[in-house]
Amino acid sequence: MKGKKLTLYIFIALVLGIFFGVCFPQQAEKTQFLATIFLNMIKMIIAPLLFATLVVGIAGHGDVKNLGKIGIKTIVYFEIVTTIALVIGLAAGHIFQPGKGFSVDVSSSQMNIVQTMAEIHHHETLSQMIINMFPTSIVEAMSTGNLLQIVVFSIFFSIAICAIGEKAKPVLSILSSVSDIMFKFTEIVMYFAPVGIFGAIASTIAHNGLQILGTYAKVIGILYVSLIIFIFSVLIIACKICNVPFRGLLSAIYEPALLAFSTASSEAALPKAMDIMEKFGVPKNIVGFVMPTGYTFNLDGSTLYLALGVLFSTQIVGIELTLQQQIFVMIALMLTSKGVAGVPRVSLVVMAGTLSTFGYPIIGVAILLGIDQILDMGRTTVNLIGNCVATVVISKWENDFNYSKMYQFIANNKKKQMILKKIKMKKENKMINQL
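My aim in this report is to walk through the structure given alongside it, one point at a time. (Residues numbered from 1 in each chain as written. Predicted model: local features only at pLDDT ≥ 70, side-chain atom pairs only at ≥ 80, totals over all residues. Heavy atoms only, no water.)

1. Looking at empty space enclosed by the protein
And then number 1: Going through the model one piece at a time under the given rule, you end up with 3 cavities of 30 Å³ or more.
And then number 2: By volume, the second largest cavity amounts to about 50 Å³.
And then number 3: In terms of lining residues, the second largest cavity is bounded by Val 219, Leu 223, Tyr 305, Leu 308, Gly 309, Phe 312, Leu 368 and Leu 375.
And then number 4: Secondary-structure elements contributing two or more residues to the lining of the second largest cavity are α12 (217-241) and α17 (300-315). (1 Å grid on protein atoms, 1.4 Å probe; cavity = no way out; pocket = protein on both sides within 12 Å on 5 of 7 lines; lining within 4 Å. Points joined across faces, edges and corners; volume = space filled by probe spheres on them. Helix = DSSP H or I, 4+ residues; strand = E, 2+ residues; numbered from the N terminus.)

Written out as structure tokens, the structure is:
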């Protein structure tokens, strides 16, 4: 099951999941375990894949000296892009006023959940955030899925390999084989993607019902429009500057993007996206460094949502934030949203904590809790696309992007699409002739 065939099966699973969730809600609620199994299978891949890929990418190509330069460029790009995402989120909140006239009953259980979220503190200070980047145990970092700690360990491990030289070549050879094995492992796990997506969508629809889409239509619509605006105003322009066709890039990462949208999980799409971006022309060491780091520092969709969600939460209780208050909130969101990618419902946790810090009511977070899965699907997809674009930008900035590989990849994609169209047309003509 490869390429477009897998994408087709994922799309079919998506449609079947919606149908099953609507028609058989009681049974559909029990299908969540399928999604959990699939996500667990993905999680067991990420740590060894990331470690092996990054070490081989850095030590195998002797790029340790350039790593500091790449790191600085990456962080600068991330901060610029996430700031723009915050500004777009705030602008959307002001223009569309999602909280004005919004009225939905909130249960006591929802308020209790949100109150618990508000009490969670991840990084109270900048120094604590930096401390948490350095693992006390690589085994613990891998078991908890802390990508940034794995990246830091991998960098130091690569430096040590380069310092030892010839003696470390057997280890490097083993890790190169591990990297290849883990990418093949990813392909095998992808066989289960349609099953996992079916379970995730069916249980979500069964739990919330389709009617929730009507109740929250304004909020859902505003977020998705804002995300589209961000894509057009930032990501497409970034690709244009790099002379990379955005449609070609989107076509290349269509499969992991659909996976991210269906499961609302960045981790589910990460291994496949890393593999594709390397084939697309981005060097292995840049893919291995930028993408996992991006899931800590470059959550474009989530950052935009946080800004919009804070304004929504204050608007529904009639609080109008001044420009100074909005700037303070924006700075707080920029700091508190870093390094928490592995936390469940991370955006709601950060939002609740930020509102509590500034003394604003958190009832808006309780309201958003009901549709968080639907909102998460959109913002997670933009997080993925944003990090894929980031790898292109950084590799272009380093004058290390392989345009020949990119054009070849796009050409192969187009050939596959043409072949599939011809097969589809032949099948349709055959059916018409039989009639």
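Alright, that's what it looks like, and here's the rest.
2. Digging into the packing of helix α3 (residues 32-59) against helix α15 (residues 266-279)
And then number 1: Closest axis-to-axis distance for the α3/α15 pair is 8 Å, and the angle between their directions is 40°. In terms of their interaxial angle, α3 and α15 are classed as oblique. Our pair here, α3 against α15, has a crossing hand that is left-handed. Contacts between α3 and α15 pair Phe 38, Leu 39, Ile 42, Lys 43, Ile 45, Ile 46, Leu 49, Leu 50 and Thr 53 from the former with Glu 267, Ala 268, Leu 270, Pro 271 and Met 274 from the latter. (Axes fitted to C-alpha atoms, helices over the stretch in contact; angles between N-to-C directions. Parallel < 35°, antiparallel > 145°, perpendicular 65-115°, else oblique. Left-handed = near helix turned anticlockwise from the far one by under 90°. Contact = heavy atoms within 4.5 Å.)

3. Structural notes on the nonpolar core
And then number 1: Core analysis: the largest hydrophobic core is formed by 131 residues, its most contacted members being Tyr 77, Phe 230, Met 277, Phe 280, Met 291, Leu 384 and Val 389.
And then number 2: No other element matches the 15 residues that α3 contributes to this core.
And then number 3: With near-sequence residues (within four places) excluded, Met 291 lies in contact with Leu 270, Ala 273, Met 274, Met 277, Ile 286, Leu 384, Asn 387, Cys 388 and Thr 391. (Core = buried A, V, L, I, M, F, W, Y, C linked by side-chain atoms within 4.5 Å. Buried < 20%, exposed > 50% of the residue type's maximum accessible area, 1.4 Å probe, protein only.)

4. Some points on unusual backbone geometry
And then number 1: Of note in this structure, Gln 97 is not a glycine but carries a positive phi near 50°.
And then number 2: Take Gln 97: it is sitting in the loop between α4 (64-96) and α5 (108-118).
And then number 3: Its relative accessible area of 17% is what places Gln 97 among the buried residues.
And then number 4: One non-glycine residue, Asn 243, lies in the positive phi region at around 60°.
And then number 5: On the secondary structure map, Asn 243 appears in the loop between α12 and α13 (246-252).

5. Describing the side chain of Thr 31
And then number 1: Looking at where Thr 31 falls in the secondary structure, it is placed in the loop between α2 (25-28) and α3.
And then number 2: In this structure the side chain of Thr 31 is engaged in a polar contact, spanning 3.2 Å, whose partner is the backbone oxygen of Gly 199. (Polar contact = N/O pair within 3.5 Å; in protein donor to acceptor, adjacent residues only side chain to side chain.)

6. Concerning the packing of helix α16 (residues 284-297) against helix α21 (residues 372-397)
And then number 1: Orientation of α16 relative to α21, taken along the N-to-C sense of each, is 140°, at an axis distance of 9 Å. By the angle between their directions, the pair α16 and α21 is classed as oblique. For the element pair α16 and α21, the recorded crossing hand is right-handed. Facing Ile 286, Val 287, Val 290, Met 291, Gly 294 and Tyr 295 of α16, the residues of α21 in contact are Leu 384, Asn 387, Cys 388, Ala 390, Thr 391, Ile 394 and Ser 395.
And then number 2: Tallied by class, the residues present in the contact of α16 with α21 amount to 9 nonpolar, 4 polar and no charged. (Nonpolar A, V, L, I, M, F, W, Y, C, P; charged D, E, K, R; others polar.)

7. So, helix α9 (residues 169-189)
Owing to its 3.6 residues per turn, the α-helix brings residues three or four apart onto one side.
And then number 1: Compared with the 30 Å implied by 1.5 Å per residue over 21 residues, the 30 Å span of α9 between its first and last C-alpha is a close match.
And then number 2: For α9, the full list of buried residues reads Leu 172, Leu 175, Ser 179, Met 182, Phe 183, Thr 186 and Val 189. Across the axial projection of α9, the buried residues extend over an arc of 125°, all falling on one side. Exposed side chains of α9 directed beyond 90 degrees from the buried face belong to Ile 174, Asp 180 and Ile 181. (Expected span 1.5 Å × (residues − 1). Arc of directions from axis to C-beta.)

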